[in-house]
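Fold and contact review
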Amino acid sequence: MDHFDQIVVGGGLAGSVLVYQLTQQGQHVCWIHTGQEKSSTVVAAGLINPLVFRYLTSVWKANKLLPEAVNFYQSIEEISQRSFLHPITIAKVFGDQDEALWRQKMKKPEITQWIDSIGKVPDNDLLIQPFGAGFVQGYWLDTVVFLEEINKIVADKVVTLSDRFYLDDLHLMSDGVTYKNRFHANKIIFCEGWQAVINPFFNFVPFRPVKGELLTIIIENLNSNYLLVKDVFLLPLGKNIFRLGSTYDWDDLSDEPTEKARAHLLDKLYSFLKVKVEVIDHQAGVRPAIADRRSVAGLHPDYPQLAIFNGLGARGVMIAPWLGKQFVEHLLFQKSLDEKIDLNRVVKK
Ligand SMILES: Cc1cc2nc3c(=O)[nH]c(=O)nc-3n(C[C@H](O)[C@H](O)[C@H](O)COP(=O)(O)OP(=O)(O)OC[C@H]3O[C@@H](n4cnc5c(N)ncnc54)[C@H](O)[C@@H]3O)c2cc1C
């Protein structure tokens, strides 16, 4: 039987960040995942925005999460010598009430720190912007390239099982777990994304998965370097190619793209841009969100050989590196988890 410190299940953003951080601590890891099949991470636009535009508030812990995320992704860029974290100026195109709200909220330092300026998006005759726009510095992570690079970096440090994980093959022991009678580990950590809803060990976690859809489009006559946001976002990828997203659907949790979402996204786009588009791709995924909109990490209350690292929700790219660090320190050095992300908060006592 091969012995490991940890078995990690799932190869999306959660599993990848965690496996990397565990190997950084010298942990011997067995990683069970099925590669880059359709997952929330592969579909995601990868945007990092420190503000919640709907209420013009700061994202929870943005002051901590943003620098940790940028440092983390840039350190992986350095190792892999590939670029996948792209700085971008976000232009929130204002509706008629927005400018007043922004000017009022800009009196608060925790909001002002994120806002570059208010004005018009320059050199863009196709944009309908009678009320102007607010500018914020953000990033977008090319999640597919990131996953590729993490996989390469850890390849010779972990044992990878390119397969689905089957619960029937897991046995709980007094000193850990065994899997398929071949692997023994002190703990198994589930990073299954929204599919965790069918994991019977963690069925007490109030998951509230939400499907999202995105279009990849060509707009021949639009040259924009801004990430334009108004109800939907338009992310420039270069060469007149853009990603247009995204939708939120709590009822249909299939990962199939729908006509309804395509029409919705295009309608919203045409409300602020006078353009013709050609749709070249349409993707759907399901975000692993939790009812209280916080992530979840921790050991099972009755079976401490089992752990969960999940609930990255709609802003996983920004939160994952900080969350992973919290969880690794908890796992290896018994440091307390932030109570807002601690699994304990959802355990029924
Ligand atoms: C349309 C859309 C747009 C988004 N845009 C953004 C954005 O702009 N910014 C942002 O920060 N976030 C965004 N997100 C959210 C982001 O994708 C998630 O926060 C994050 O990627 C979730 O990562 P995860 O690893 O928890 O889940 P996933 O990426 O879903 O990964 C879970 C993995 O576990 C695997 N798995 C599950 N069960 C098993 C099993 N039994 N055996 C083996 N493998 C298993 C799954 O196959 C999957 O590969 C978006 C999501 C969607 C759908």
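Residues numbered from 1 in each chain as written. Predicted model: local features only at pLDDT ≥ 70, side-chain atom pairs only at ≥ 80, totals over all residues. Heavy atoms only, no water.

Along its length, the protein carries eight helices and 19 strands. A globule of 349 residues ought to have a C-alpha radius of gyration of about 20 Å, and the protein, at 21 Å, matches this closely. The 349 residues of the protein split such that 53% are buried. Relative to all contacts within the protein whose residues are 6 or more apart in sequence, the contacts with residues 24 or more apart total 71%. Of note, the protein has its 37 positive side-chain charges centred 6 Å away from the centre of its 40 negative side-chain charges. (Helix = DSSP H or I, 4+ residues; strand = E, 2+ residues; numbered from the N terminus. Rg over C-alpha atoms; globule rule 2.2 N^0.38 Å. Buried < 20%, exposed > 50% of the residue type's maximum accessible area, 1.4 Å probe, protein only. Contact = heavy atoms within 4.5 Å. Lys, Arg positive; Asp, Glu negative; His and termini not counted. Charge placed at Lys NZ, Arg CZ, Asp CG, Glu CD.)

Tallying each qualifying case throughout the model produces 17 aromatic pairs. One Lys or Arg, Arg-287, reaches over the ring of Tyr-248 and ends 3.9 Å from the middle of that ring. (Phe/Tyr/Trp six-rings, centres within 6.5 Å; stacked < 30°, edge-to-face > 60°. Lys NZ or Arg CZ within 6 Å of the ring centre and 35° of its normal.)

For the rest of this paragraph, the subject is the site of the ligand. In the vicinity of the ligand, 33 residues are found, and the nearest of them are Glu-37, Ser-40, Thr-41, Phe-165 and Gly-313. When the free accessible area of the ligand is taken as 1000 Å², the share hidden by the protein chains comes to 96%. Contributing elements (two or more residues each) for the shell around the ligand: helix 1 (13-24), helix 2 (40-43), strand 13 (210-218), strand 17 (278-287) and helix 8 (316-333). In terms of residue class, the shell around the ligand is made up of 13 nonpolar, 13 polar and seven charged. (Near = heavy atom within 4 Å. Areas by Shrake-Rupley, 256 points an atom, 1.4 Å probe, with all protein chains shown as cover. Nonpolar A, V, L, I, M, F, W, Y, C, P; charged D, E, K, R; others polar.)

Under the domain assignment, the protein is made up of domain 1 (2-43 + 145-205 + 292-346) and domain 2 (87-137 + 208-287). For domain 1 and domain 2, the distance between their C-alpha centroids amounts to 32 Å. On the domain 2 side, the residues contacting the seven residues of domain 1 number 12 residues. Of all residues in domain 1, Lys-38, Val-43 and Trp-194 give up the largest surface area on contact with domain 2, accounting jointly for 66% of the area buried on that side. (Domains from an automatic or database assignment. Buried area = accessible area lost by both parts, 1.4 Å probe.)

Turning our eyes to something else, we now look at the nonpolar core. Counting 68 residues, the largest nonpolar core has Tyr-73, Phe-146, Ile-189, Phe-309 and Phe-327 as the members making the most contacts within it. Broken down by element, this core gets its largest block of residues, nine residues, from helix 8. Of the residues that make up this core, three or more belong to each of domain 1 (2-43 + 145-205 + 292-346) and domain 2 (87-137 + 208-287). Not counting the four nearest positions on each side in its chain, Phe-327 is found in contact with Leu-18, Ile-189, Ala-297, Gly-298, Ala-307, Ile-308, Phe-309 and Leu-337. Phe-165, Leu-170, Val-296 and Val-346 belong to the second largest nonpolar core, which has 26 residues in total. (Core = buried A, V, L, I, M, F, W, Y, C linked by side-chain atoms within 4.5 Å.)

Right, let's talk about the pairing of strand 19 (residues 306-310) for a bit. Where burial is concerned, most of strand 19 is hidden: five out of the five residues are buried. In strand 19, alternate side chains face the same way, and those of Leu-306, Ile-308 and Asn-310 on one face and Ala-307 and Phe-309 on the other are all buried. One ladder, built from three bridges, connects strand 12 (residues 183-190) with strand 19; its direction is parallel. Counted as the bridge partner of Ile-188 is Leu-306 from strand 19. Examined bridge by bridge, strand 18 (residues 296-299) and strand 19 share four bridges and lie antiparallel to one another. Residue Gly-298 lies in a different strand from strand 19, and its bridge partner there is Ile-308. The hairpin formed by strand 18 and strand 19 contains six residues between the paired strands. (Pairing = 2+ DSSP bridges.)

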